[in-house]
Amino acid sequence: MNITRNNVDALNAVVTVEVNKSDYADKVQEVLTNYRKNASIPGFRKGAVPMTLIQKQYGKAVLLDEVNKLLQESLNNYLVEEKLDILGNPLPKVTEDFNWDTEDFKFEFELGLAPEFSVDLGAKTSVVKYNVVADDTMLNGQIARIQKQYGKVIAKDKVEEGNEVAGIFANEERGINNRTTLDLEDLVDKKAVKAILGKKVGDVVTLKTKGLFNDDHKLMDVLNIGHDDVHGLDIEVTFTIDEVIGYEPATLDQELFDRLFGPKAVTSVDELKAKIKEDAERQFAQQADQKFLNDVTEFLVESTKFDLPAEFLKKWIQTTGENPISAEEAATEYERSEKGLRYQLIESKIMKDNNLQITFDELKDYTSGLIKQQMAQFGQMDPSDEDVQGIVARVMSNQDEVRRLSEQVMNQKMLDLFKTNVKAKTKEVNYEDFVKAMYGELKH
């Protein structure tokens, strides 16, 4: 057997595998001999079927099978020995004059080679690393919500700020007739809020659906209409008030503190604010880290320039699925997946350059930490190590879970690396401004 490679260019190559009769003959003969031992053909005793008959009946199929096995093994070994970093899988080149009736064969395979490039983590960027703080406005709002949640419900005569209003939305033409409860704070249409304030039970208010809420899905819920019907809905609906709900805020005392955090964990309003701030900023930090990771990823994909064997990949996409697709469909799929492929290559390069690896112990420790967090949410604050490790063993016996957890661990390693090496501007913002930054990103 002889294997040679012709590098068409830096990203494409053709490997030629020459298979001689001596490479496969012994194996084919061995298989046919076993067939003869077990063959059951009318007119012949078992094991006494003439080899010529076995050869005629099974020879071509066995030849094809053994040559293909030999091809696969030899090609895989060659790629490993030559340390070729390929994209996709080798694609066999179809030749019209190929003939299985000869004794020596020549096969050609197209390869798409991974590009060589460097990743500069220290390059100048426009990436911002946000430090999100819980300001007094947010803390006071959160405390007000807690007081409302744990306060007393009071039936009111007329609608005032801070009330909830129960009633029926209706539009006869659209078949809308749904009772719901509105929190006035959810309404973004100031005219609608003004129209409802001061109204009493039995009053009817006419509202426009367009711009009533920030989210169309909220409008879908209060009107009880379908997903396809709600987007762009711009009609008038009546809202008949049948109940006005007020709240007497809960007193900020030790009884409330104990209900929220356990006995004596918080003993004053200042400690309450500090606790809320600590919990909120821990969650904000996770969100800010995710945005930073996403922004650095986007920057690296845009700034790290390299070519891909695009035409090879399109051909490979055509044949990689269960059912072949057209060249046009493959081109569309390539355009859709190109960005993700680029980042996969960049990520692999970063991992290799910085020796980022995941050990089994790291994965176990990470999984153990997640399990303890989940158990704490259900009140199991001090589970035994035996219980935790038993769950860890079950989780890690699932390959899909191991893959998912491994991605999370590697994402944390990449995040830590980016925090240390990427030149990003640090900006302190409140949560409202952070959400605006997120929204601005989505808009673009």
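Definitions and limits used
Residues numbered from 1 in each chain as written. Predicted model: local features only at pLDDT ≥ 70, side-chain atom pairs only at ≥ 80, totals over all residues. Heavy atoms only, no water. Pairing = 2+ DSSP bridges. Helix = DSSP H or I, 4+ residues; strand = E, 2+ residues; numbered from the N terminus. Axes fitted to C-alpha atoms, helices over the stretch in contact; angles between N-to-C directions. Contact = heavy atoms within 4.5 Å. Salt bridge = Lys/Arg side-chain N within 4 Å of Asp/Glu carboxyl O. Buried < 20%, exposed > 50% of the residue type's maximum accessible area, 1.4 Å probe, protein only. Core = buried A, V, L, I, M, F, W, Y, C linked by side-chain atoms within 4.5 Å. Parallel < 35°, antiparallel > 145°, perpendicular 65-115°, else oblique. Nonpolar A, V, L, I, M, F, W, Y, C, P; charged D, E, K, R; others polar. Left-handed = near helix turned anticlockwise from the far one by under 90°. Polar contact = N/O pair within 3.5 Å; in protein donor to acceptor, adjacent residues only side chain to side chain. Phe/Tyr/Trp six-rings, centres within 6.5 Å; stacked < 30°, edge-to-face > 60°. Lys NZ or Arg CZ within 6 Å of the ring centre and 35° of its normal.

Some details on the sheet that holds strand β2 (residues 12–19)
- In spatial order, the strands read β1-β2-β4-β3; together these 4 strands make up an open sheet with antiparallel pairing. If you trace the sheet from one side to the other, it starts and ends with β1 (2–7) and β3 (86–92), each paired once. On average, each strand axis in the sheet is tilted by 20 degrees relative to the strand beside it, whichever way the strands run.
- Across 8 bridges, the pairing between β2 and strand β4 (residues 105–113) is antiparallel. The residue of β4 that forms the bridge with E18 is K106.
- In the packing of helix α2 (residues 51–81) onto the sheet, the strands contacted are β1, β2, β3 and β4, and the crossing angle to β4 comes to about 40 degrees.

Digging into the pairing of strand β8 (residues 176–183)
- Across 8 bridges, strand β7 (residues 164–171) lies against β8 in antiparallel orientation. Pairing of E164 across the sheet is with D183, part of β8.
- Following β7, the chain reverses through 4 residues before pairing antiparallel with β8; G175 in that reversal takes a positive phi of roughly 70 degrees.

Observations concerning the pattern of salt bridges
- Taken as a whole, this structure holds 28 salt bridges when the rule is applied.
- Across the pair E311 and K314 runs a salt bridge, and its minimum N-O distance is 3.4 Å. Residue E311 and its partner K314 are both found in helix α9 (residues 310–320); the two are separated by 3 residues, about one turn of the helix.
- Taking the relative accessible area as the measure of exposure, E311 reaches 56% and is therefore exposed.
- With relative accessibility at 19%, the residue K314 sits in the buried group.
- Of the charged contacts in the structure, one is a salt bridge between R404 and E401, with a shortest N-O distance of 2.6 Å. Highlighted residues: R404 and E401, both in helix α13 (residues 399–421), separated by 3 residues, approximately one helical turn.
- Judged by relative accessible area, which is 26%, E401 ranks as partly exposed.
- Salt bridges here are not isolated pairs; linked through shared partners, they connect K275, E278, D279 and R282.

Things to note about the pairing of β4
- As defined by bridge partners, β3 adjoins β4 across 4 bridges and the pair is classed as antiparallel. Directly across from I86, in β4, lies its bridge partner L113.

Remarks on the nonpolar core
- In this structure, L300, L308, I346, I350, M414 and F418 are the most contacted members of the largest nonpolar core, which totals 34 residues.
- Top contributing element to this core by residue count: helix α10 (residues 327–353), with 7 residues.
- Among residues more than four places away in sequence, those in contact with M414 are L293, Y343, E347, I350, M351 and L356.
- Of all hydrophobic cores here, the second largest spans 26 residues; its members include F169, L187, I196 and I235.

Examining the packing of α10 against α13
- Where α10 contacts α13, the axes come no closer than 12 Å and their chain directions differ by 70 degrees. Of the possible angle classes, the one that applies to α10 and α13 is roughly perpendicular. The segment α10 lies against α13, with Y343, E347, I350 and M351 engaging M410, N411, M414, L417 and F418.
- Split into classes, the residues belonging to the contact of α10 with α13 amount to 7 nonpolar, 1 polar and 1 charged.

A few points about the packing of helix α7 (residues 254–261) against helix α8 (residues 269–303)
- At a minimum axis distance of 11 Å, the contact between α7 and α8 shows a crossing angle of 20 degrees. Judged by the angle between their axes, α7 and α8 are roughly parallel. Between α7 and α8 the crossing geometry is left-handed. Here F257, L260 and F261 of α7 come into contact with α8, specifically with V269, L272, K275 and D279.
- A class-by-class count of the residues in the contact of α7 with α8 yields 5 nonpolar, no polar and 2 charged.

Digging into the environment of N178
- Within the secondary structure layout, N178 lies in strand β8.
- The sequence separation of N178 and F239 amounts to 61 residues, and the corresponding C-alpha distance is 9.5 Å.
- Sequence-distant contacts of N178, that is, excluding residues within four places in its chain, are made with G167, I168, F169, D221, V222, L223 and N224.

Quick word on the side chain of N178
- The class for N178 is buried, based on a relative accessible area of 15%.
- Polar contacts involving the side chain of N178 include one to the main-chain carbonyl oxygen of V222, which spans 2.8 Å.

Focus: the packing of aromatic side chains
- Going through the model one piece at a time under the given rule, you end up with 9 aromatic pairs.
- Arranged with centres 6.2 Å apart and planes meeting at 40 degrees, the rings of F105 and F107 form a pair that is tilted.
- Overall, the relative accessible area of 12% leaves F107 in the buried class.
- Geometrically, the ring pair formed by F284 and Y431 is stacked, given 4.5 Å between the ring centres and 10 degrees between the ring planes. Within this pair, whereas F284 is found in helix α8, its partner Y431 is found in helix α14 (residues 431–443), the two being separated by 147 residues in sequence.
- Here the aromatic cluster, defined as three or more aromatic residues joined through ring pairs, consists of Y24, W100, F105 and F107.
- Above the face of the F292 ring, K129 is positioned so that its terminal group lies 6.0 Å from the ring centre.
- Geometry around F306 places R342 over its ring, the cationic atom sitting 4.9 Å from the centre.

None of this, on its own, says anything about what the molecule does.
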